[in-house]
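# Summary of the model geometry
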Amino acid sequence: MKQLMLGNAAVARGTWEAGVRFASSYPGTPSTEITECISRFDDIYSEWAPNEKVAVEAAIGASLAGARAFSAMKHVGLNVAADPLFTVSYIGVNGGLVIAVADDPGMHSSQNEQDSRHYAQAAKLPMLEPADSGECLAFTKAAYELSERFDTPVLLRLTTRISHSQSAVEESDRFEAGVKDYVKDPAKNVMIPAHARPRHVLVEKRMAELAAYAEDCPFNRVEMGGKIGVICAGDTYQYAKEALGDGASYLKLGLVNPLPVNLIKDFCARFEKVYVLEEMDPVIETFCRANGLNVEGKALFSLCGEYSPELIASVLLGETAEGITSSLQAPGRPPVLCPGCPHRGVYFVLKKLKLTVSGDIGCYTLGVAAPLSALDTTVCMGASVSALHGFNKVRPESAQKSVAVIGDSTFMHSGITGLTDIVYNNGHSTVIILDNSITGMTGHQQNPTTGLTIKNQPAGKVDLIKLCEGIGVPSENIRVVHSYDLKGMEAALKEELAKEAPSVIIAQMPCALLKTVKHAPALRTDPDKCTGCKACFRIGCPAVTLNQNGKCEIDASLCVGCGLCSQICKFGAIGGAHNA
Amino acid sequence: MHSMMLVGVGGQGTLLASRVLGHLLLNQGLDVKVSEVHGMSQRGGSVVTYVRWGKQVASPTVSKGGADYIVSFEQLEALRWAPWLKKTGVMVVNTQKIAPMPVITGAAAYPEGILEDLQANGARLVTCDALPLALEAGNPKCVNVVLLGVLSTLMDVDETCWLDALRACVPAKVLDMNLKAFELGRNACR
């Protein structure tokens, strides 16, 4: 029976049907649901690793031990895992190894829109790219056969629209791949120069064999139709079909590395004009041009952002459609920190003290927006801590006026090494760990500090205080402050910033969206006391609104009673339970 | 081929509504795609879900001027996404207003007269004050299913199919509340 399935869920289903026994990942939009869905299959051991490098290395170990293994991440996660990726390409696999990487064209939830196909080329690995949920399932299964047949890890490339679209899939049973024998083989598995040199030769031979295989593999197909030739893959295949329908002919690529040179040449020979439709970088187009094919691509389409059916129809056919127009301007609705978010009060204090704030990746990056406007920088996971160290080494006077903010999960991912740098190199920086007891932005995944596994079973728990002490932060410079305690946070910051030593302030309060968090009743405003001064708007809470009389009004359907606004109100106008 | 968009504010329950629609349409024997975006935009930002169905669906997304139906969970979002509504399309609008942060901070004003303006520009609107009905059903979170009730009066699908889809997608412990919300929505615009 057909059923609707998210692309990410279909990848998960594919791993189960392929007989995968081990999955290790770090969450990252738009890849997160793959591993969440895998965790519901009891036949697969699954885990959240502290970061993508660890996840891929763990999956490599499982593969070498003989099991089919899997890891999933977002595009920037593959940067973190690039080190093992490039070398496991030389080693190959024992049990099949598939690494799924989800790109985010248009940056719906990312800090850049890099194109992961470059990794397949650079690390010399085959890469499959599905175009709907049915292919997500089928390609994942096929990737394991490819992996074991060619003795190579296989990359599975997804994009946001494939990961987060549901379409119909047909399920089938699990193939019991078992666990293959493990045989010690240092020449294959120990990458010292003497071993790696002959392995590199084999890698190049493997790529040549894969390129020959690509010519008539089941992943690439030609669909003959009208006189326009289109080469595409993944989501752009769907956009092109929508925009051009039978008016075009398609070379739909499922194996996007290595590319099939003869298949592409034969296809191009049939048409006067061939367009390569690919989001982000001109990977296929460059390949075509290098092979003397005069295709059209990025001269017509942008390197930036997503493609769409309307973009393709407009550029290739000159067709545009119009909907309902209005003379009214709609103000933007950017994402915001939730009502009751433990990060809000911390940012309020940082702004009040006019500190330079080195930011990081997570929900708390939203602190950049008005009215909190608290962040100075955000680069990548962990950079808050290490970049602050560099900043303060060049401007020693800024150590007393600057902090890094990093979430608990992000600190475990990449913050520990940055803090080590501060301690080891006699830095004086102050780091705030925003400990909300969960990985928030990606939708509540457990992490090494929460004491629970991906299946919500009891787990080893990293103690942040002891960890920081172990690195060498003086015990007296490690403070725990309740995230809602504005005065406590301000006092702790002033004390720690004044010290000429590394400090860590752990701002602790679970994410307000966690089901285990019990909320206080909604607050209310006393209209007689409210002067309409709008001080309470400075915290940027969606529940604090202005009524028609120019006075503060708390939206009881949103308010969770955190009390930040009442701490700020100098007139005692906000307080009490709504139903009191 | 039909296209629908569910638009609203992150946290209003558009994902459950799209799951119900996907189930409903697949059971009509149609090809269906449902596309949503997770992650950062969900945190109180403007959110959109695309639902497309027909004999064979290619693109998971809907183009400007391409939506046969838009279900807007909030007035400002109705204005924002109106350019995606076909001139022959219909828009279900929850009349609830939720101020976005630029309005709360005073950097922008919430536009007046959105519904009148859209109608003056040719949009066919079906409006519903869904929040009181959701509260009547038992929980403000039922706004999504109230709006599905309104939508059900505009689509050519039997009520029993809708109820089957709700039973299949809504968690058992809140099913009765949601069935009530659906009926309240269904009767609100008759």
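Residues numbered from 1 in each chain as written. Chains lettered and ligands numbered in written order. Predicted model: local features only at pLDDT ≥ 70, side-chain atom pairs only at ≥ 80, totals over all residues. Heavy atoms only, no water.

## Brief notes about the overall build of chain B
Inclusion rule: The numbering of helices and of strands both runs from the N terminus, where a helix is a DSSP run of H or I of at least 4 residues and a strand a run of E of at least 2. Only protein chains enter the calculation, and the probe is 1.4 Å; a residue is then buried if its accessible area is under 20% of its type maximum, exposed if over 50%, and partly exposed in between. Note on contacts: a residue pair is in contact if any heavy atoms of the two residues lie within 4.5 Å. Per-residue and other accessible areas follow the Shrake-Rupley method at a 1.4 Å probe size, with only the shown protein chains counted as cover for residues. We count Lys and Arg on the positive side and Asp and Glu on the negative side, and we leave His and both chain ends out. By convention, the charge on Lys lies at NZ, on Arg at CZ, on Asp at CG and on Glu at CD.
A count of helical and extended segments in chain B gives eight helices and six strands. Listing each helix as α and each strand as β along chain B from the N terminus yields β-α-β-β-β-α-β-α-α-β-α-α-α-α. Expressed along its principal axes, the backbone C-alpha trace of chain B runs to roughly 45 × 40 × 35 Å. Expressed as a percentage of the 190 residues in chain B, the buried residues total 64%. Considering only contacts in chain B between residues 6 or more positions apart, those separated by 24 or more positions represent 63%. Summed over its atoms, the accessible surface of chain B is roughly 7100 Å², and 50% of this surface lies on carbon and sulfur atoms. On chain B, the mean spot of the 17 positive side-chain charges and the mean spot of the 16 negative ones are 6 Å from each other.

## Comments concerning the pattern of salt bridges
The following threshold applies: We define a salt bridge as a contact between a side-chain nitrogen of Lys or Arg and a carboxyl oxygen of Asp or Glu at a distance within 4 Å.
Counted by the stated rule, this structure contains 38 salt bridges over all chains. Here A:Arg117 ties to A:Asp115 by a salt bridge, and the two come within 2.8 Å at their closest N and O atoms. Residue A:Arg117 is classed as buried on the basis of its relative accessible area, which comes to 4%. Between B:Arg80 and B:Glu77 there is a salt bridge, and its shortest N-O distance comes to 2.9 Å. With B:Arg80 and B:Glu77 both in helix 2 (residues 75-81) and three residues apart, this pair spans about one turn of that helix.

## What about the domain arrangement of chain A?
Residue and element names in this part refer to chain A. For the record, the criterion: Boundaries of every domain are those given by an automatic assignment or by a domain database. Two parts lose some accessible area (1.4 Å probe) when they are put together, and adding that loss for both gives the buried area. Two N or O atoms form a polar contact when they lie within 3.5 Å of each other; inside protein one atom must be a possible hydrogen donor and the other a possible acceptor, and for residues adjacent in sequence the pair counts only when both atoms belong to side chains. Polar here means any residue other than Ala, Val, Leu, Ile, Met, Phe, Trp, Tyr, Cys and Pro, which are nonpolar, and Asp, Glu, Lys and Arg, which are charged; Gly is therefore polar.
The assigned domain composition of chain A is domain 1 (2-214), domain 2 (221-317), domain 3 (342-508) and domain 4 (523-577). Summarising the inter-unit geometry, the C-alpha centres of domain 1 and domain 3 are found 32 Å apart. Taken together, the contact between domain 1 and domain 3 spans 19 residues of the former and 16 residues of the latter. Carbon and sulfur atoms supply 56% of the area buried between domain 1 and domain 3, which totals about 1300 Å² over both sides. On the domain 1 side of the contact with domain 3, Tyr26, Trp48 and Gln111 bury the most area, a combined 38% of that side's loss. Our count for the contact surface shared by domain 1 and domain 3 stands at one salt bridge. Note that Asp42 is salt-bridged to Lys455, the shortest N-O span being 3.2 Å. Taken together, the connections running from domain 1 to domain 3 amount to six residue pairs in polar contact (both at pLDDT 80 or more). Sorting the residues of the side of domain 1 that touches domain 3 by element identifies helix 2 (32-38) and strand 3 (45-48) as the ones contributing at least two each. Across the side of domain 1 that touches domain 3, the residue classes break down as seven nonpolar, eight polar and four charged.

## Some thoughts on the packing of helix 16 (residues 383-394) of chain A against helix 17 (residues 408-424) of chain A
Residue and element names in this part refer to chain A. Just so we agree on the cut-off: Convention adopted: a line fitted to C-alpha atoms gives each axis, helices being fitted over their contacting stretch, and angles between N-to-C directions are expressed from 0 to 180 degrees. An angle below 35 degrees is read as roughly parallel, one above 145 as roughly antiparallel, one from 65 to 115 as roughly perpendicular, and any other as oblique. By definition, turning the near helix anticlockwise from the far helix through less than a right angle yields a left-handed crossing, and turning it clockwise yields a right-handed one.
In the contact formed by helix 16 and helix 17, the axes pass within 7 Å of each other and the chain directions differ by 20°. Taken as axis vectors, helix 16 and helix 17 run roughly parallel relative to one another. As helix 16 packs across helix 17, the resulting crossing turns out to be left-handed. Seen from helix 16, the contacting residues are Val385, Ser386 and His389; seen from helix 17, they are Gly415, Gly418, Leu419, Asp421 and Ile422. Split into classes, the residues belonging to the contact of helix 16 with helix 17 amount to three nonpolar, four polar and one charged.

## Quick word on the interface of chain B and chain A
Between chain B and chain A, the contact holds 58 residues from the first and 53 residues from the second. For the pair chain B and chain A, the summed buried surface comes to about 4500 Å²; carbon and sulfur atoms form 61% of the total. Joining chain B to chain A, the criterion identifies four salt bridges. Across the pair B:Glu77 and A:Arg333 runs a salt bridge whose closest N-O atoms are separated by 2.5 Å. Summed over the shared surface of chain B and chain A, the result is 19 residue pairs in polar contact (both at pLDDT 80 or more). Here the side of chain B that touches chain A is built from residues that sort into 29 nonpolar, 17 polar and twelve charged.

## Considerations on the packing of aromatic side chains
Residue and element names in this part refer to chain A. Let me state the cut-off plainly: Two rings from Phe, Tyr or Trp (for Trp, the six-membered ring) form a pair when their centres sit within 6.5 Å of each other. Planes less than 30 degrees apart are called stacked, planes more than 60 degrees apart edge-to-face, and all others tilted.
Evaluated as defined, the whole model comprises eleven aromatic pairs over all chains. Where Trp16 meets Phe41, the ring centres are 5.5 Å apart and the plane angle is 15°; that geometry is what we call stacked. Of the two residues, Trp16 sits in helix 1 (residues 7-17) while Phe41 sits in the loop between helix 2 and strand 3, which places them 25 residues apart along the sequence. Pair check on accessibility: Trp16 and Phe41 agree, each one buried. Here the aromatic rings of Phe139 and Phe219 are separated by 5.2 Å at their centres, their planes lie at 85°, and the arrangement is edge-to-face. Residue Phe139 is found in helix 7 (residues 133-150), and its partner Phe219 is found in the loop between helix 10 (193-214) and strand 9 (221-223); the two are separated by 80 residues along the sequence.

## Looking at the pairing of strand 3 of chain A
Short version of the rule: Any two strands with at least two DSSP bridges between them are considered paired.
Pairing of strand 2 (residues 22-25) of chain A with strand 3 of chain A involves four bridges; the strand directions are parallel. Bridging from a neighbouring strand, A:Phe22 pairs with A:Tyr45 of strand 3 of chain A.

## Focus on the sheet that holds strand 16 (residues 430-435) of chain A
All names here are of chain A. Strand order in the open sheet formed by five strands is 14-15-16-18-17, with parallel pairing between adjacent strands. On the outer flanks of this sheet lie strand 14 (356-358) and strand 17 (478-482), each paired with one strand and no other. In this sheet, neighbouring strand axes are inclined to one another by 25° on average, regardless of whether the strands run parallel or antiparallel. Relative to strand 18 (residues 503-508), strand 16 is paired through six bridges, and the arrangement is parallel. Paired with Ile432 across the two strands is Ile505, which belongs to strand 18. Sheet strands touched by helix 15 (residues 342-352): strand 14, strand 15 (402-407), strand 16 and strand 18. Its angle to strand 16, the strand with the most contacts, is close to 155°.

## Re the sheet that holds strand 12 (residues 255-257) of chain A
Residue and element names in this part refer to chain A. Taken together, the seven strands give an open sheet; going across it, the order is 3-2-4-5-7-6-12, and neighbouring strands pair in mixed fashion. Because the sheet does not close on itself, it has two edges, and the strands there are strand 3 and strand 12. Sheet analysis places strand 2 next to strand 4 (residues 69-74), joined by two bridges and oriented parallel. In the sheet register, Ala23 faces strand 4, and the bridge partner there is Phe70.

## Quick word on the nonpolar core
Heads up, the condition is: What makes a nonpolar core is a set of buried Ala, Val, Leu, Ile, Met, Phe, Trp, Tyr and Cys residues whose side-chain atoms join them at distances within 4.5 Å.
Membership of the largest hydrophobic core comes to 68 residues, with the highest contact counts inside it found for A:Tyr347, A:Leu350, A:Leu419, A:Val431, A:Ile432, A:Ile433 and A:Leu493. When residues of this core are assigned to domains, at least three map to each of domain 3 (342-508) and domain 4 (523-577) of chain A. Beyond its immediate stretch of four places on either side in the chain, A:Ile433 contacts A:Ile406, A:Gly407, A:Asp408, A:Phe411, A:Leu464, A:Cys468, A:Val504, A:Ile505, A:Ile506 and A:Ala507. Of all hydrophobic cores here, the second largest spans 47 residues; its members include B:Val92, B:Leu133, B:Ala165 and B:Leu179.

## Quick notes on helix 18 (residues 464-471) of chain A
Residues and elements named next belong to chain A. Here is the rule we go by: Think of it as the arc spanned by the lines of direction from the helix axis to the C-beta atoms.
Considered for burial, the residues of helix 18 that qualify are Leu464, Cys468 and Ile471. The arc that holds every buried residue of helix 18, seen down its axis, measures 60°, which confines them to one face. Those residues of helix 18 that are exposed and angled more than 90 degrees off the buried face are Lys466 and Gly470. Turning to helix 18, the residues buried within the fold contact helix 17, strand 16, strand 17 and strand 18. Two to three positions downstream of the cap, the backbone nitrogen of Ile465 sits 2.9 Å from a side-chain oxygen, assigning the N-cap of helix 18 to Asp463. Gly472 occupies a position one or two residues after helix 18 and carries a positive phi of about 125°.

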